[in-house]
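A structural walkthrough
Residues per chain, in single letters:
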Amino acid sequence: MQRSEYTAANRAAWNEAAPLHQKQNFEELLAAFRQPGYNRLDRVATEQLKAIGLESKAVVHLCCNNGRELLSVKNLGAGRCVGIDISDGFVEQARTLSKAAGLDCEFHRHDIYDIPATYDGQFDLTMITVGALGWMPRIDDFFGTVVRLLKPGGWLAIYEMHPLLDMFDEDDPMIPPQLKESYFREKPFVDVSGLDYYGHSQYKSAPMYWFHHKLCDIIQGCLDHGLSIKHFREYEHDISAVFANFERQRISLPLSYTLTARRG
Ligand SMILES: C[S@@+](CC[C@H](N)C(=O)[O-])C[C@H]1O[C@@H](n2cnc3c(N)ncnc32)[C@H](O)[C@@H]1O
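Attention now moves to the overall build of the chain. Summing up its helical and strand segments, the chain has six helices and nine strands in all. By the compact-globule yardstick of 18 Å for 264 residues, the chain fits well, its C-alpha radius of gyration being 18 Å. Along the three orthogonal principal directions, the C-alpha set of the chain runs to about 45 × 40 × 40 Å. Expressed as a percentage of the 264 residues in the chain, the buried residues total 38%. Of the contacts made within the chain by residues no fewer than 6 positions apart, 73% connect residues no fewer than 24 positions apart.

Okay, structure coming up:
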């Protein structure tokens, strides 16, 4: 399959999930963002971004979903904020949330690989959070996009699920969990069990494609595009919403990581 066929399939799957997530979390999010200064980010993300410095920075959030993280960044003092996501349904939710919060953030529907050149060199910070990189069929091209969006000296902040998690089955109740996949797997995972990780409803979804990117692919992707890595940490806590049981193991696995890099 071509890159655009994978991303079109994933768009359909995320559009199916949008009303299901909305039913579960939207009223609560609307109420939360009506409070001035509301921040939905956890402590690790907040500290990572504050260490870069958000004051008046132009920020683009790739795979922004319903905008709750970018709106939090705006409340932490960022300047121009632009969220980009492939799902029509989630972009619409992000716009509604932004209006309810009274925050001036832009949300646009684009495939990451087709972001128009008008955005090039516009941003001080590109943000990637929780569950975004695995939807990218070509990780190298993805970092190419990150770099073209940044101004010289601009920052990249990633807070992601650890790729080691792709070796396990999220439905495996065993502790310790059983190894299921090679860390060096190259084929995408194909799934039709839907994305309702809030309401847990079962439905046969459009096929969606998840790509395992090893930690070295992420690091090398940054280096190949001239980004200098300034910070890298691994954590024992789960940010995925699906591997929380792994936190209860006696022997800890790395479940998440932060990486901060800078364009020369
Ligand atoms: C799990 S969410 C992660 C975003 C956010 N951190 C969150 O927790 O909601 C993944 C998002 O990536 C978006 N996405 C997937 N493939 C994409 C692509 N090729 N271009 C832009 N957005 C994409 C989906 O629509 C979805 O909103």
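Judged by nonpolar contacts, the single largest core of 57 residues is most densely connected at V59, V73 and A157. Leaving out residues up to four positions away in the same chain, V73 has contacts with L49, L54, V59, A78, C81 and M127. Grouped together as the second largest cluster of nonpolar side chains are five residues, M161, I239, F246 and L255 included.

This brings us to the site of the ligand. Taken together, 17 residues are adjacent to the ligand, and W14, C63, N65, I86 and G131 come closest. In terms of residues, the shell around the ligand owes the most to one element, helix α1 (residues 3-33), which gives three residues.

Turning our eyes to something else, we now look at the sheet that holds strand β3 (residues 106-109). If you trace the seven strands from one edge of the open sheet to the other, you get β3-β2-β1-β4-β5-β9-β8, paired in mixed fashion. Looking at which strands have only one partner, the edges of the open sheet turn out to be β3 and β8 (227-235). Between one strand and the next, the sheet's axes are offset by a mean angle of 15°, whatever the strand orientation. Helix α4 (residues 88-101) contacts β2 (81-85) and β3 of the sheet and is inclined by roughly 170° relative to β3. Where helix α5 (residues 139-149) meets the sheet, it contacts β1 (59-62), β4 (123-129), β5 (150-161), β8 and β9 (256-263), and its direction lies at approximately 135° from that of β5.

Right, let's get into the pairing of β2. Of all five residues that make up β2, five are buried, and the element is covered over most of its length. Of the two faces of β2, the one holding C81, G83 and D85 and the one holding V82 and I84 are both buried throughout. In this structure, β1 lies alongside β2, joined through four bridges in parallel fashion. Note that in β2 the partner of H61 across the bridge is G83. Since β1 and β2 lie parallel, the crossover through helix α3 (residues 68-75) that links them has a hand, and here it is right-handed.

Let us now look at the packing of α5 against helix α6 (residues 215-224). It is at 9 Å that the axes of α5 and α6 come closest, and there the two elements cross at 45°. With respect to α6, the element α5 is oriented oblique. Like other packed secondary-structure pairs, α5 and α6 cross with a definite hand, here right-handed. Between α5 and α6, the contacting residues are I139, D140 and F143 on the first element and D217, I218, G221, C222 and D224 on the second. Here the contact of α5 with α6 is built from residues that sort into four nonpolar, one polar and three charged.

This brings us to the environment of R68. Tracing the sequence through the fold places R68 in helix α3. Each C-alpha atom, one on R68 and one on L30, is 9.8 Å from the other, the two residues being 38 residues apart in sequence. Sequence-distant contacts of R68, that is, excluding residues within four places in its chain, are made with L29, R40 and L97.

What follows deals with the environment of Y183. Secondary-structure assignment places Y183 in the loop between β5 and β6 (189-191). Look at Y183 and you get exposed, because 12 C-beta atoms sit within 10 Å. Each C-alpha atom of the pair Y183 and M167 lies 6.0 Å from the other, and the pair is 16 residues apart in sequence.

This next bit is on α4. Taking 1.5 Å of rise per residue, 14 residues should cover 20 Å, and α4 covers 20 Å from first to last C-alpha, within 8% of that figure. For α4, the complete set of buried residues consists of G89, F90, V91, Q93, A94, L97, S98 and A101. Turning to α4, the residues buried within the fold contact α1, α3, β2 and β3.

This next bit is on α3. The element α3 is extensively covered by neighbouring structure, given that eight of its eight residues are classed as buried. Of the surrounding elements, those touching the buried residues of α3 are α1, α2 (43-52), β1, β2, α4 and β4. At the C-terminal side of α3, G77 shows a positive phi close to 115°.

Here we come to the packing of α1 against α4. Between α1 and α4, the least distance of the axes is 9 Å, while the angle of their chain directions is 10°. Taken as axis vectors, α1 and α4 run roughly parallel relative to one another. Residues W14, N15, A18, P19, Q22, F26, L29, L30 and F33 of α1 form the contact with α4, whose own contacting residues are D88, G89, F90, Q93, L97, A100 and A101. Within the contact of α1 with α4, the residues separate by chemical class into eleven nonpolar, four polar and one charged.

Calculation criteria
Residues numbered from 1 in each chain as written. Predicted model: local features only at pLDDT ≥ 70, side-chain atom pairs only at ≥ 80, totals over all residues. Helix = DSSP H or I, 4+ residues; strand = E, 2+ residues; numbered from the N terminus. Rg over C-alpha atoms; globule rule 2.2 N^0.38 Å. Buried ≥ 20, exposed ≤ 12 C-beta atoms within 10 Å, placed from the backbone. Contact = placed C-beta atoms within 7 Å. Core = buried A, V, L, I, M, F, W, Y, C linked by C-beta atoms within 7 Å. Near = placed C-beta within 6 Å. Pairing = 2+ DSSP bridges. Axes fitted to C-alpha atoms, helices over the stretch in contact; angles between N-to-C directions. Right-handed = clockwise from strand over helix to strand, strands pointing away. Parallel < 35°, antiparallel > 145°, perpendicular 65-115°, else oblique. Left-handed = near helix turned anticlockwise from the far one by under 90°. Nonpolar A, V, L, I, M, F, W, Y, C, P; charged D, E, K, R; others polar. Expected span 1.5 Å × (residues − 1).

By themselves, these are just geometric observations and shouldn't be taken as functional.
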